[in-house]
Amino acid sequence: MKKIRALVTGGCGFIGSHLVRQLLISNNFEFVLNLDLLTYSGHPENCADISDSRYCFKHASINDKQNLLELIKKEKVDVIFHLAAESHVDRSINSIEPFVRTNIGGTQTILEVIKETGCRIDLVHISTDEVYGSLGKNDAPFTEKSPISPRNPYAATKAASDHLVQSFVNTYGISAIITRCSNNYGPRQFPEKLIPLMILNGIKGDPLPIYGDGLQIRDWIHVEDHVNGIIAAYDGLRNGNLSPGDVINFGGENEKTNLEIVNEIIKQIGNSTSEIKHIKDRLGHDRRYAINNKKAKDVLNWSPKIIWVNGIEETINWYKNNEKWINSIISGEYRNWISKQYKDDF
Ligand code: NAD
Ligand code: DAU
């Protein structure tokens, strides 16, 4: 069987760095090219230990069309796993411009490049459950048929990129699928997001900032389960179980309130002196996300494997044992963000 040549966009970010590793474990991939702009959330350290000869890193932007076109042709790329994005909701509330540029403009570039090569290049577009909007407490979880109803600027740019992908499938016949996953956790997540922020603050004894009442619900999935789903979705596209234009949802079957998450982290850290502090709510804060995994189970034979209590313990230990990584991540930019975002609260 022909070996696959893959391009991963955003491979120095949290999920991308796990996907790159997982692709290299598989014998099906003869080449894995990681293209990343190394923005504040993308770190070379995230892939520094990868020594596989099939792996290659390119420092570039998905918005640079000419470079992308030449690279894809030169490297004879068969599939693009597109993860590069601006990913933090709070930052999108502060300033939408980079979100429009990267999430919409960057996806536009990738689509145009695929079209212009004139060859079949598969696209696995990594989207999010946030495009479906917010659920009430007793609503049924999102399915792939749930209406698209984004409620914050980040989610709106992701939804726009999903629509662009679908329009290129329909208009130009490109071979693309879309995955929509719930909240990921695990090693190497940038500590602006809830779980790593609470772990770092908990280890240091700093306050634990909870937006509003903390009863918002997310469905947490370990990042390794997510990347296994992404690879299974690509397999599905190749073997005909999925068709161009198909959407596939992934979730952890693990709904928890933010307060439950933070209490669990503090309990597992053990001797933390940190205390929860309720602070002003996120603007437009979505109340609940939940995913129906039936399609992924039935069509891809995928299911989440990592149990929350084990996954969060392993994640906390990873942050405890990787001080060098933490010190390299919490640069001036990170400190600026934390002091700006929480300035009225601490
Ligand atoms: P992240 O912020 O950790 O990583 C994003 C990466 O994209 C970084 O390495 C960054 O340098 C890179 N990047 C940004 N702009 C770029 C550009 N113009 N060109 C090239 N690279 C660029 O994000 P993440 O949490 O790993 O999320 C990855 C993808 O998965 C995103 O598309 C996100 O929307 C989606 N997603 C995330 C979650 C989650 O819980 N984190 C859940 C569902 C879907
Ligand atoms: O659902 C998938 C999405 O999950 C992804 O598409 C996004 O890229 C990812 O960032 C994540 O979005 P959330 O907004 O759900 O994640 P975040 O970790 O920022 O927040 C999780 C919850 O915790 C949310 O209800 C807001 C709350 N929160 C977050 C922070 C940073 C707090 O209460 N305090 C905080 O300081």
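Note that the structure is a prediction, hence the values are computed from the model and not measured. Sequence order as written defines the numbering, with residues in each chain counted from 1. Labels follow written order: the first chain is A, the first ligand is 1, and so on. Only residues with pLDDT of at least 70 are given local features in this predicted model, and only at 80 or more are side-chain atom pairs given and counted; all residues enter the totals for whole chains, interfaces and linings. Working from all heavy atoms in the structure, the side-chain values ignore hydrogens and water.

Engineer: Whenever I open this one, the site of ligand 2 confuses me. Can you help?
Structural biologist: Lining the immediate surroundings of ligand 2 are 25 residues, of which D129, Y154, R282, H285 and Y342 lie closest. Taking P209, its main chain carries an N or O atom lying 2.9 Å from a nitrogen atom of ligand 2. By the criterion applied in these results, polar contacts are pairs of N or O atoms within 3.5 Å in which, for protein atoms, one can donate a hydrogen and the other can accept it, and in which residues neighboring in sequence qualify only through two side-chain atoms. R282 has a polar side-chain atom sitting 2.6 Å from an oxygen atom of ligand 2. In short, Shrake-Rupley with a 1.4 Å probe defines the accessible areas, and a residue's cover is counted only from the protein chains shown. Burial of ligand 2 by the protein amounts to 95% of the accessible area it has alone, namely 690 Å². Listed by contribution, the elements that provide at least two residues to the shell around ligand 2 are α3 (89-94), α6 (194-204) and β8 (208-211). Residue contributions to the shell around ligand 2 peak at 3 residues, all from β8. Gly counts as polar in this scheme, as do all residues outside two lists: the nonpolar Ala, Val, Leu, Ile, Met, Phe, Trp, Tyr, Cys and Pro, and the charged Asp, Glu, Lys and Arg. Broken down by class, the residue content of the shell around ligand 2 amounts to 10 nonpolar, 8 polar and 7 charged. Only heavy atoms are used to decide nearness, and a residue is near a molecule or strand if one of them lies within 4 Å of it. Only runs of H or I of at least four residues qualify as helices and only runs of E of at least two qualify as strands under DSSP, and these elements are numbered from the N terminus.

Engineer: Could you clarify how one ought to interpret the sheet that holds strand β5 (residues 122-128) in this entry?
Structural biologist: What links the strands of a sheet is backbone hydrogen bonding, and the strands pair in either a parallel or an antiparallel sense. A pair of strands is treated as paired once DSSP finds two or more bridges between them. Pairing within the open sheet is parallel, and its 7 strands lie in the order β3-β2-β1-β4-β5-β6-β10. Looking at strand neighbours, the two that pair on one side only are β3 (55-59) and β10 (247-250), the edges of this open sheet. Along the sheet, successive strands turn relative to each other by an average axial angle of 20°, direction set aside. Of the strand pairs in this sheet, strand β4 (residues 79-82) and β5 are connected by 4 bridges, and their pairing is parallel. Between the N-to-C directions of two axes lies an angle of 0 to 180 degrees, each axis being a line fitted to C-alpha atoms and, for a helix, fitted only over the stretch in contact.

Engineer: Just to check I follow, could you spell out the packing of aromatic side chains for this structure?
Structural biologist: Aromatic ring pairs are defined here through the distance separating the ring centres and the angle between the ring planes. The aromatic pairing rule takes the rings of Phe, Tyr and Trp, using the six-membered ring of Trp, and pairs them if the centres are within 6.5 Å, calling planes under 30 degrees apart stacked, those over 60 edge-to-face and the rest tilted. Overall, the coordinates contain 13 aromatic pairs when judged by the stated rule. Considering the side-chain rings of F29 and F81, the 6.4 Å spacing of their centres and the 55° angle between planes classify their relative orientation as tilted. With F29 in strand β2 (residues 29-36) and F81 in strand β4, this residue pair connects regions lying 52 residues apart in the sequence. As far as the burial class goes, F29 and F81 line up, both buried. Centre to centre, the rings of F99 and Y154 are 6.4 Å apart; their planes meet at 80°, and the pair counts as edge-to-face. On the criterion of sequence distance, the pair formed by F99 in helix α4 (residues 97-117) and Y154 in helix α5 (residues 153-172) is long-range, its members being 55 residues apart. The buried label applies to any residue whose accessible area, calculated with a 1.4 Å probe on protein chains only, is under 20% of its type's maximum; exposed applies above 50%, and partly exposed to all values in between. Under the relative-accessibility criterion, F99 is labelled buried at 1%. Comment: the charge-over-ring label is applied if NZ (Lys) or CZ (Arg) is within 6 Å of the ring centre and within 35 degrees of the ring normal. Of note, R91 hangs over the ring of W337, and the distance from its end group to the ring centre comes to 4.5 Å.

Engineer: Teacher, can you tell me more about the site of ligand 1 here?
Structural biologist: Around ligand 1 sit 29 residues in total, of which D36, S41, S87, Y154 and K158 are the nearest. Contact distances for ligand 1 include 3.1 Å between a nitrogen atom and a backbone N or O atom of L37. Here ligand 1 has 840 Å² of accessible area as a free molecule, and 96% of this is covered by the chains. Going through the elements one at a time, α1 (14-25), β5, α5 and β7 (183-185) are the ones with two or more residues in the shell around ligand 1. The class makeup of the residues in the shell around ligand 1 is 13 nonpolar, 14 polar and 2 charged.

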